[in-house]
Amino acid sequence: MVKVTVWNEYLHEHIHEEVRNVYPEGIHQALAKGIQNESIEVQTATLEQPEHGLTQEVLANTDVLIWWGHMGHDRVEDYIVERVHQRVMEGMGLIVLHSGHFSKIFKKLMGTGCDLKWREAGEKERIWVVNPAHPIAAGLPEYITLEHEEMYGEHFDIPAPDELVFVSWFEGGEVFRSGCTFYRGQGKIFYFRPGHETYPTYYNPEVLQVIRNAVQWAAPSRAAAPVRGNHQPLEPIGGKA
């Protein structure tokens, strides 16, 4: 059983009726209900909870953290970012969704500005599977079509992904690296582009399949932690016992 925490700043849903109409219980609850199954156990956390819901205890019991943010990036306390960063380096998986590209934690892990082009015009998005052998693409068709989404376009200011799984094309002509994996320390990171708050993207079964696949991929490997620093030889050196 993979233990997942879905984090959502949960601000748009309180402020904007248009968002509340799409996600009446919040994006985090839609995601939790959409991905939970016999092998994924889900809890949620939000910005306004004490310690943003990401206490030491919560993170210690999280195999994969899913992150959605937009309005409140600057309101996330730096000590919580450091706490999440440490857990990723120790092996916790991190899935960053949509506008989470500008979150403090994603920018810290990438070491770049993570900026991009964007346009909100409700246009068609076609998400192409460009690495069909990757576990995150398991069970998917050749492409996913979203009739209405926000456009993100290149250049996306991130390091070259360790693996590129999806590339999006938009009705207005742009393309975007929409499914990128990265390895940091013992942790695995997946950035997945779709999910603008005014569109019902997180009810789409194929989008949910991607996120479920990513949860399984990002789960900790449980490999032994590397030992660093000055180290005694494992075998005799120079014939000395």
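Refer to the preceding data block for the structure.
Reading the values: rules and limits
Residues numbered from 1 in each chain as written. Predicted model: local features only at pLDDT ≥ 70, side-chain atom pairs only at ≥ 80, totals over all residues. Heavy atoms only, no water. Pairing = 2+ DSSP bridges. Helix = DSSP H or I, 4+ residues; strand = E, 2+ residues; numbered from the N terminus. Axes fitted to C-alpha atoms, helices over the stretch in contact; angles between N-to-C directions. Contact = heavy atoms within 4.5 Å. Salt bridge = Lys/Arg side-chain N within 4 Å of Asp/Glu carboxyl O. Phe/Tyr/Trp six-rings, centres within 6.5 Å; stacked < 30°, edge-to-face > 60°. Lys NZ or Arg CZ within 6 Å of the ring centre and 35° of its normal.

Student: How would you explain the sheet that holds strand 9 (residues 187-192) if you had to name every residue and give the values?
Tutor: What the nine strands build is an open sheet, ordered 2-1-3-4-9-8-7-5-6; its pairing is mixed. Sheet topology places strand 2 (40-46) and strand 6 (143-153) at the edges, where each strand pairs with a single neighbour. Across this sheet, the average inter-strand angle for adjacent strands is 25 degrees, counted without regard to direction. Sheet contacts for helix 3 (residues 27-35): strand 1 (2-8), strand 2, strand 3 (64-68) and strand 4 (93-97); angle to strand 2, the most-contacted strand, approximately 175 degrees. Along the sheet, helix 5 (residues 78-90) makes contact with strand 3, strand 4, strand 8 (175-184) and strand 9, crossing strand 9 at roughly 115 degrees.

Student: Help me get a handle on the pattern of salt bridges, residues and values and all.
Tutor: In the structure shown here, the tally under the stated rule is twelve salt bridges. One salt bridge connects Glu123 with Arg119, and the closest N-O pair in it is separated by 2.9 Å. Connected through shared salt-bridge partners, Arg119, Glu123 and Glu174 make up one network.

Student: Describe the packing of aromatic side chains, listing the residues and the values that go with them.
Tutor: Aromatic ring pairs are reported here in terms of the distance separating the ring centres and the angle at which the planes meet. With the rule as written, the count across this model stands at 13 aromatic pairs. Ring centres 5.7 Å apart and planes at 70 degrees place the aromatic pair Tyr152 and Phe176 in the edge-to-face group. Of this pair, Tyr152 sits in strand 6 while Phe176 sits in strand 8; the two residues are 24 residues apart in sequence, bridging distant segments of the chain. Seen in terms of ring centroids, Phe190 and Phe192 are 5.7 Å apart; in terms of plane orientation they differ by 20 degrees. Their pairing is stacked. What links up through ring pairs into an aromatic cluster is the set Phe106, Tyr152, Phe156, Phe176, Phe182 and Tyr191. The positively charged end of Arg126 is found above the aromatic ring belonging to Tyr143, 5.2 Å away from the centroid. The ring of Tyr152 has Arg193 sitting right over it, with the charged end atom 5.0 Å from the ring centre.

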